[in-house]
Amino acid sequence: MQRILDVLKQYWGYDSLRPLQGEAMASVIEGRDSLTVLPTGGGKSLCFQAPAVAMEGMAVVVSPLIALMKDQVDALQANGVAAACINSSLSNSERYAVDAAIRAGALKLLYVTPERLVQPRFIAYLQRFGVSFIAIDEAHCISMWGHDFRPEYRGISVLKEQFPGIAVHAYTATATPQVRNDIIQQLNLDAPDVHVGDFDRPNLNYKVRQRSDRMGQLTAVIDTHPGESGVVYAISRKDVEEIAAALNQRGYRAIAYHAGMGDHDRKTNQEAFLREEVDIIVATVAFGMGIDKSNVRYVVHAAMPKSLEHYQQESGRAGRDGLEADCVLLYSGGDFGLWSRILQNDEGEGSAIAAQKLRDMFDYCGSVACRHATLVQYFGQPWTKAKCGACDVCNGEIETMAGAEEIAQFICRAVQGVEQRFGAQYVAGILAGKADARVHQNGHDDLPEFGKLGSHTQRAVRGWIEQLVAQGYLEKAGEYGVLQLTANGDRVLRGEPDVPVVLTESAPSKRGGKRAAAAAGADWEGVDRELFEALRTLRRETAQAQGKPPYIVFGDRSLRDLARKRPSSAAALLAVHGVGRQKAKDYGETFLAAIMDYCSERGMAMDVGLDAGFEMAAPASARTKPTAKDFAFDLFRSGCSIADVCEQTARAETTVSGYLAEFIEAEGRTDGDPWVDAATVARVYEAVQTVGMEKLKPIHSQLNGEVDYTAIRIAVACIQNASDEAAAG
Ligand code: ADP
Ligand code: ZN
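Residues numbered from 1 in each chain as written. Chains lettered and ligands numbered in written order. Predicted model: local features only at pLDDT ≥ 70, side-chain atom pairs only at ≥ 80, totals over all residues. Heavy atoms only, no water.

Colleague: I'd like to hear about the sheet that holds strand β9 (residues 229–233), residue by residue, with values.
Modeller: Taken together, the 6 strands give an open sheet; going across it, the order is β8-β13-β12-β9-β11-β10, and neighbouring strands pair in parallel fashion. Each end of this open sheet is capped by a strand with a single partner; those strands are β8 (204–210) and β10 (254–257). The sheet shows a mean angle of 15° between the axes of neighbouring strands, direction not considered. Examined bridge by bridge, β8 and strand β13 (residues 325–331) share 7 bridges and lie parallel to one another. Looking across to β13, one finds that glutamine 210 is bridged to tyrosine 331. (Pairing = 2+ DSSP bridges. Helix = DSSP H or I, 4+ residues; strand = E, 2+ residues; numbered from the N terminus. Axes fitted to C-alpha atoms, helices over the stretch in contact; angles between N-to-C directions.)

Colleague: Please set out the domain arrangement of the protein residue by residue, giving values where relevant.
Modeller: When the parts come together, some accessible area is lost, and that loss is often what is quoted as the size of the interface. As far as domains go, the protein holds domain 1 (2–196), domain 2 (204–378), domain 3 (404–494), domain 4 (526–617) and domain 5 (626–728). Of note, the centres of domain 1 and domain 4, computed from C-alpha atoms alone, are 31 Å apart. Counting residues at the interface gives 13 residues for domain 1, matched by 12 residues for domain 4. Run the count over domain 1 and domain 4 and you get 5 residue pairs in polar contact (both at pLDDT 80 or more). Mapped onto the side of domain 1 that touches domain 4, the elements with two or more residues apiece are α1 (2–12) and α4 (66–78). Of all the elements, α4 adds the most residues to the side of domain 1 that touches domain 4, at 5 residues. When the residues that make up the side of domain 1 that touches domain 4 are grouped by side-chain class, the tally is 5 nonpolar, 5 polar and 3 charged. (Domains from an automatic or database assignment. Contact = heavy atoms within 4.5 Å. Polar contact = N/O pair within 3.5 Å; in protein donor to acceptor, adjacent residues only side chain to side chain. Nonpolar A, V, L, I, M, F, W, Y, C, P; charged D, E, K, R; others polar.)

Colleague: Please set out the site of ligand 1 residue by residue, giving values where relevant.
Modeller: What surrounds ligand 1 is a group of 15 residues, the closest being Tyr14, Gly41, Lys44, Ser45 and Arg320. One of the backbone N or O atoms of glycine 43 is found 3.0 Å from an oxygen atom in ligand 1. Within the side chain of arginine 320, one N or O atom sits 2.7 Å away from an oxygen atom of ligand 1. Per element, the largest residue contribution to the shell around ligand 1 is 3 residues, and it comes from helix α3 (residues 44–54). The class makeup of the residues in the shell around ligand 1 is 4 nonpolar, 8 polar and 3 charged. (Near = heavy atom within 4 Å.)

Colleague: Give a description of the coordination of the zinc ion (ligand 2) that names residues and reports values.
Modeller: In this structure, Cys370 (SG), Cys388 (SG), Cys391 (SG) and Cys394 (SG) serve as the protein donors to the zinc ion (ligand 2), at separations of 2.3 to 2.4 Å. Of note is the zinc ion (ligand 2), whose 4 donor atoms meet at the metal with angles of 104 to 118° in an arrangement that counts as tetrahedral. Spacing between the donor residues of the zinc ion (ligand 2) along the chain follows C-x17-C-x2-C-x2-C. Of this pair, cysteine 370 sits in the loop between α16 (350–366) and α17 (371–378) while cysteine 388 is found in the loop between α17 and α18 (404–417), placing the two residues 18 residues apart along the sequence. Take cysteine 370 and cysteine 388: they sit in the same class, and that class is buried. (Donors = N, O, S within 2.8 Å, 3.2 Å for Na, K, Ca; no water. Tetrahedral: all angles 85-135°; square planar, octahedral: opposite > 155°, others 65-115°. Buried < 20%, exposed > 50% of the residue type's maximum accessible area, 1.4 Å probe, protein only.)

Colleague: How would you sum up the environment of glutamate 56? Please name residues and give values.
Modeller: Mapped onto the elements, glutamate 56 comes out in the loop between α3 and β2 (58–62). The spacing of glutamate 56 and lysine 108 is 52 residues in sequence and 8.3 Å in space, taken between C-alpha atoms. Excluding anything up to four places from it in sequence, glutamate 56 contacts Lys108 and Ser132.

Colleague: Could you give me a rundown of the packing of aromatic side chains, with the residues and numbers involved?
Modeller: Enumeration over the complete set of coordinates arrives at 19 aromatic pairs. With 5.7 Å between their ring centres and 65° between their planes, phenylalanine 554 and tyrosine 587 make a pair best called edge-to-face. You can see phenylalanine 554 sitting in the loop between α25 (550–553) and α26 (556–565) and its partner tyrosine 587 sitting in helix α28 (residues 581–602), a full 33 residues away along the chain. For the pair phenylalanine 554 and tyrosine 587, one class covers both residues: buried. (Phe/Tyr/Trp six-rings, centres within 6.5 Å; stacked < 30°, edge-to-face > 60°.)

Colleague: I'd like a rundown of α1, residues and numbers included.
Modeller: Among the residues of α1, those classed as buried are Ile4, Val7, Leu8 and Trp12. For α1, the angular spread of buried residues about the axis comes to 100°, placing them on one side. As for α1, its buried residues are in contact with α2 (21–29), α3 and α4. Downstream of α1 by one or two residues, glycine 13 has phi in the positive range, about 70°. (Arc of directions from axis to C-beta.)

Colleague: Just give me the short version of the sheet that holds strand β6 (residues 168–172), but keep the residues and values in it.
Modeller: Spatial ordering of the open sheet is given by β3-β4-β2-β5-β6-β1-β7, a layout of 7 strands whose pairing is parallel. With partners counted over all chains shown, the strands left at the sheet margins are β3 (83–86) and β7 (193–196), one partner each. Ignoring strand direction, the axes of neighbouring strands in this sheet form an average angle of 20°. Bridge count between strand β1 (residues 34–37) and β6: 4 bridges; the pairing is parallel. When the bridges of β6 are listed, threonine 36 appears paired with tyrosine 171. Packing against the sheet, helix α7 (residues 120–127) makes contact with β2, β3, β4 (109–112) and β5 (131–136), and its axis sits at approximately 175° to β4. Packed on one face of the sheet, helix α10 (residues 177–186) meets β1, β6 and β7 and runs near 155° to β1.

Colleague: I'd like to hear about unusual backbone geometry, residue by residue, with values.
Modeller: Each neighbour pair has its own omega, and for aspartate 673 with proline 674 the value is 0°, a cis peptide bond. Phi is positive for glutamine 420, close to 55°, though the residue is something other than glycine. Assignment of secondary structure puts glutamine 420 in the loop between α18 and α19 (424–432). A positive phi angle, near 50°, is found at arginine 566, a position not held by glycine. For arginine 566, the location among the structural elements is in the loop between α26 and α27 (570–573).

Colleague: Give a detailed account of the state of the cysteines, specifying residues and quantitative values.
Modeller: Per the counting criterion, the structure on display carries 0 disulfides. A disulfide-free cysteine, cysteine 85 has its sulfur positioned 17 Å from the sulfur of cysteine 141, the nearest such atom. Summary of cysteine pairing: cysteine 640 is not part of a disulfide, and the nearest cysteine sulfur, belonging to cysteine 646, is at 11 Å. On the accessibility criterion, cysteine 640 (15% relative accessible area) is buried. (Disulfide = S-S within 2.5 Å.)

Colleague: I'd like a description of the confidence of the model for the protein, backed by residues and values.
Modeller: Summarising the model, the protein shows a mean pLDDT of 86, and 94% of its residues fall at 70 or more. Taken together, the stretch residues 507–522 has pLDDT below 50 and engages in 34 contacts with residues farther than four places along the chain or on a different chain. Note on residues 612–625: pLDDT is under 50 here. Beyond four places in sequence and across chains, it has 7 contacts. (pLDDT = per-residue confidence, 0-100.)

Colleague: Pulling in residues and values, what's your account of the pairing of strand β15 (residues 482–485)?
Modeller: Along a regular strand, successive side chains alternate from one face of the sheet to the other. Bridge count for strand β14 (residues 474–477) against β15 is 4 bridges, and the pairing is antiparallel. Its bridge partner being in β15, glutamate 475 is matched across the sheet by glutamine 484. In sequence, β14 turns back onto β15 through a hairpin of 4 residues, with glycine 478 there showing a positive phi of about 70°.

Colleague: Account for the nonpolar core, naming residues and giving values.
Modeller: One finds Phe287, Met304, Tyr364, Ile411, Val427, Ile465 and Leu474 to be the most contacted residues of the largest nonpolar core, which totals 82 residues. Broken down by element, this core gets its largest block of residues, 8 residues, from α18. Of the domains in this structure, domain 2 (204–378) and domain 3 (404–494) are the two that each give at least three residues to this core. Excluding its chain neighbours within four sequence positions, the residues that come into contact with leucine 474 are Ile411, Cys412, Val415, Ile465, Leu468, Val469, Gln484, Leu485 and Thr486. (Core = buried A, V, L, I, M, F, W, Y, C linked by side-chain atoms within 4.5 Å.)

Colleague: I'd like a description of the packing of helix α31 (residues 642–649) against helix α32 (residues 653–667), backed by residues and values.
Modeller: Two elements in contact, α31 and α32, have axes separated by 9 Å at closest approach and are oriented at 110°. The angle between the axes of α31 and α32 places the two elements in the roughly perpendicular class. Crossing handedness for the pair α31 and α32: right-handed. Two secondary-structure elements touch here, α31 through Ile642, Val645, Cys646 and Thr649 and α32 through Glu653, Val656 and Leu660. (Parallel < 35°, antiparallel > 145°, perpendicular 65-115°, else oblique. Left-handed = near helix turned anticlockwise from the far one by under 90°.)

Here it is in structure tokens:
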């Protein structure tokens, strides 16, 4: 395990494991078959990647999509891990290079499609080169019970037989027990270790709203995340096109993605999103599998998906970096109807399963129970917390209606009054007092319920009907969604429901809602926002120059940590979250330079919070030793040069010149000798007369950039002391 932790630090720059990663990795290292179920963003890939690096030989990873493979291989290579993929998109020369690496025993991870892995020639080929283990990513694709069954996955059931003695490990985010058992059976796993993670994603803030003004509700969410990446899901291609166009018209940087577009356009648009050339991608379900972009800050569903599995997976694309993100779902009863009609065209054994999944999804929308709790329980896990702190229900954002019970009673009576033969829109019309020809013809304008809710709009009443359906008081039957009373609905009629009826304000409040999850504040603690933005731009430029997506360069978490710790040296850089040796080597110089410029222009402290680490790394006996700064002061006192002090304290020049400025101030020195000569101090003094000494940059410009920041900083300290003296004298 120590070896794994070393590998993790060296290649990934991570200091600790997430829940269950340790257990899952132990199964791999110890060669026992395993199934690991972690929610999206839970860190499944690392469970096989880190052991693959630590173990002898080459691990083979089965993955369903070329895009998914490419993304993972890119990310691994950026971390300095020898990984490659073999698939139909490779050119001959690329293919040749991969083959050579395999023969040389240089590869640690090889990604392949299921179709390829089961070809006898390929199996024989692999067996010659020492396979350490086989990992099956997105393993639910093998199960009919899952939501993404792929027939080609069925073929890999031969692996246990074809690779005798080699452990097979399966990974998925789909946790229902049926799928879990099916995976184990289909893959013929041998007494596998089963690791099922916590399905809650505490950093996601869930909200559900009835859809009233689609664009208004959508832009309200987007506006709380200016310049950040977000995904908007819609059901149809037409909706996707419309929403994307409307967003662009309003000045947002959005792009469309759906299966009706050509491969080329789809790829171009996806890349534009990954590279952050646009902020928003508007997409159908076709988008997302294999998108590892870790810094998606919000996912909005402009319409309801057809199952909670889909919802969990799609909303789960937000906040994979563990930082707070918003998941907002806009729904209407019409979405339910639309999906019902689509599903009715599907035949076969799957259709009953699909209909139930759709119902569960719709129930979730109208429910007034904690969203986190509902999702976790749906995926077969107990919920033990009282309040999640990150959903609309727990945060009290759902405005419940006074007099809900009475409204529910009117609605149920109206349903009874029309003899349970009409749909929601019709019943809503009656209650709102809309006497169209059909109502009149049916004599329903004579019902006692006619116009009973006349002070509300038909749309509002319709919304409450949908909520009653979602909460199980009413049911929709048949093709036309005819409203029927359930047993619970009967109890409402009699005025004795099991639990008090709760209805929410149908027209959602204007605001997009409170922003972000419970832990949000802490994630930005100590982060210099301006520097963060500057580094974000640098990240985009760096990525662009290399033709890579920005999050492959550094994740948001690393970026925040850079803007918090503000490292001044390569050693300090390695203490930043998510920075391993390879990234320090590839990007260190560029980012350190930018941070240094930024900090020296503002005279801002660097290596924040790193002294503690510096000391902790030393043996316990050394803890009472002076800090690097005390040490530097001693050295300055004995007249050491900046370069000498840098070397002796292992600190960067900016940090050391900062120490020197503090030293000069503390000692009250008015001349910069031996660090800055009198002539330079005089020049700086002259510049200060015109531009002041609040900021160093104007002085630098005033002197045409001829005096470096270090010298300016020290000169300013001397001038400050001199003027203090003059004032005192
Ligand atoms: P999954 O495949 O389960 O959806 P990933 O493997 O893509 O999740 O991991 C999600 C994100 O979390 C990635 O950016 C990954 O690098 C990061 N991550 C995984 N494990 C750790 C860890 N132990 N410490 C910090 N970050 C981690
Ligand atoms: Zn909650």
